[in-house]
Amino acid sequence: MTHSTVKHDVFHAIADPTRRSILIMLAEKEMSIAAITSCFPVSRTAVNKHLKVLCQAGLAASEKAGRETVYSLEPQPLEELKNWLHYFEEYWDNKLSALKNFTENNNG
């Protein structure tokens with residue numbers, strides 16, 4: 001697989017704080033790369049690389065609007081994150097319940 005055809009997963013895409021910030025911005029409104037770049041102390045090229053990762057993970061979509069490309073949030077892949085986190089939420093709830101039962105039954 002060449003570098004240009006690498007498909008990023010949702011977990012990799014959200015691992016970077018800049019990409020998480022971009023997702024939050026796109027959740028509020030569609031934005032051009034120029035508008036997104038103006039919010040960060042990095043180059044347009046760097047922002048473009050972040051957007052490429054988000055698009056490859058299915059978290060963002062791009063559409064040509066005249067001379068500019070506009071990006072929007074695609075929230076469906078976030079369901080994978082929600083399900084993964086839900087598993088661990090149940091895991092910790094069970095562990096904490098067991099600890100509570102242990103301390104209540106062995107207190108004395």
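Scroll up a little and you will see the structure.
Here is what the cut-offs are and how they apply
Residues numbered from 1 in each chain as written. Predicted model: local features only at pLDDT ≥ 70, side-chain atom pairs only at ≥ 80, totals over all residues. Heavy atoms only, no water. Phe/Tyr/Trp six-rings, centres within 6.5 Å; stacked < 30°, edge-to-face > 60°. Helix = DSSP H or I, 4+ residues; strand = E, 2+ residues; numbered from the N terminus. Buried < 20%, exposed > 50% of the residue type's maximum accessible area, 1.4 Å probe, protein only. Salt bridge = Lys/Arg side-chain N within 4 Å of Asp/Glu carboxyl O. Core = buried A, V, L, I, M, F, W, Y, C linked by side-chain atoms within 4.5 Å. Contact = heavy atoms within 4.5 Å.

Visitor: Just checking my understanding: could you explain the packing of aromatic side chains for this structure?
Guide: The geometry of two aromatic rings is summed up by the distance between their centres and the angle between their planes. Applying the stated criterion across every chain, the model contains three aromatic pairs. Relative to Trp84, the ring of Phe11 lies with its centre 5.5 Å away and its plane at 70°, an arrangement referred to as edge-to-face. Separated by 73 residues along the polypeptide, Phe11 in helix α1 (residues 10-14) and Trp84 in helix α5 (residues 78-105) bring together distant segments of the chain. Here Phe11 falls in the partly exposed class, since its relative accessible area comes to 29%. Its relative accessible area of 45% is what places Trp84 among the partly exposed residues. Through successive ring pairs, a cluster of aromatic residues spans Phe11, Trp84, Tyr87 and Phe88.

Visitor: I'm lost on the pattern of salt bridges in this one. Help?
Guide: Oppositely charged side chains can pair when the atoms bearing their charge come close. Inspection of the entire model under this criterion finds three salt bridges. Taking the shortest distance from any N to any O, the salt bridge between Glu79 and Lys82 comes out at 4.0 Å. Of this pair, Glu79 and Lys82 are both found in helix α5, three residues apart, which corresponds to roughly one turn of the helix. A salt bridge links Lys100 to Glu104; the nearest nitrogen and oxygen atoms lie 3.7 Å apart. Of this pair, Lys100 and Glu104 both sit in helix α5, four residues apart, which is roughly one turn of the helix.

Visitor: Can you help me understand the nonpolar core in this one?
Guide: For soluble globular proteins, the rule of thumb is that nonpolar side chains tend to be buried together. One finds Ile22, Leu26, Ile36, Leu51, Leu54 and Leu59 to be the most contacted residues of the largest nonpolar core, which totals 19 residues. Counting only elements with at least two residues in this core, the list comes to α1, α2 (17-28), α3 (33-37) and α4 (44-56). The contacts of Leu54, once residues within four sequence positions are left out, are Ala13, Arg19, Ile22, Leu23, Leu59 and Ala60.

Nothing here speaks to function; it is all geometry.
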